[in-house]
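These are the residues of each chain, in order.
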Amino acid sequence: MKFKAPDEVLDLSFSPDGTGLLFANKSNDMWFYDSRKNEAPLHKYEGHTDWVNCCTYDADGKHILSGSQDRTARLWDAATASLVQEYPHKESVNSVRFFGHSTVITAQGNRYFKSKTNSMVLWKRKE
């Protein structure tokens, strides 16, 4: 199966149940497709103001975490594509992960230039 992305894909993530496919891309948003059908995207996650570098689902598939060149990581409701929480950074966010149910891990730093703030940050997640 082939899925049409709106711009260059920078990362992708399958939902935990395998039915959803999420693309992070250079068009400053993420697109969600039903991985079983070659159809138009079902959801568009909008809000970042620069490239979306990375994305991932939490273990139960209810939330999505994204990281962007706009110096934010964002927590989204997977079903509604609405923003739940924003995590500000000093530089672009290049990696995002969930750790357990209540913690979000993000990595910041500029991958193209020498950075003084290359670091990982642990955040408490909104319940």
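All chains use their own residue numbering, which begins from 1 and follows the written sequence. Local features in a predicted model are, by the rule used here, given only for residues with pLDDT of at least 70; side-chain atom pairs are given and counted only at 80 or more, and totals for whole chains, interfaces and linings are based on all residues. Only hydrogens and water are set aside; all other atoms, that is, all heavy atoms of the structure, feed into the side-chain values.

Trainee: I'm lost on the pattern of salt bridges in this one. Help?
Mentor: Close approach of charged atoms lets side chains of opposite charge pair. Each salt bridge in this description consists of a side-chain nitrogen of Lys or Arg and a carboxyl oxygen of Asp or Glu lying within 4 Å of one another. Applying the stated criterion across every chain, the model contains 6 salt bridges. Among the salt bridges present, the one from Arg 36 reaches Asp 34, with a minimum N-O distance of 2.9 Å. To sort residues, take the accessible area from a 1.4 Å probe on protein chains only and compare it with the maximum for the residue type: under 20% means buried, over 50% means exposed, and anything in between is partly exposed. Among the residues examined, Arg 36 registers a relative accessible area of 54% and is labelled exposed. For Asp 34, a relative accessible area of 9% puts it in the buried group. A salt bridge links Glu 86 to Arg 74, with the shortest nitrogen-to-oxygen separation between them at 3.6 Å. Within this pair, whereas Glu 86 is found in strand β8 (residues 83-88), its partner Arg 74 is found in strand β7 (residues 72-77), the two being separated by 12 residues in sequence. In DSSP terms, a helix is any run of H or I states spanning at least four residues, a strand is any run of E spanning at least two, and both are numbered starting from the N terminus.

Trainee: Looking at this model, I keep getting lost on the side chain of Asn 25. Mind explaining?
Mentor: Take Asn 25: it is sitting in strand β2 (residues 20-25). Classification of Asn 25 as buried rests on a relative accessible area of 0%. For this analysis, residues touch if any pair of their heavy atoms sits within 4.5 Å. Setting aside residues up to four positions removed in sequence, Asn 25 forms contacts with Pro 6, Asp 7, Glu 8, Val 9, Leu 10, Met 30, Trp 31, Trp 51 and Val 52.

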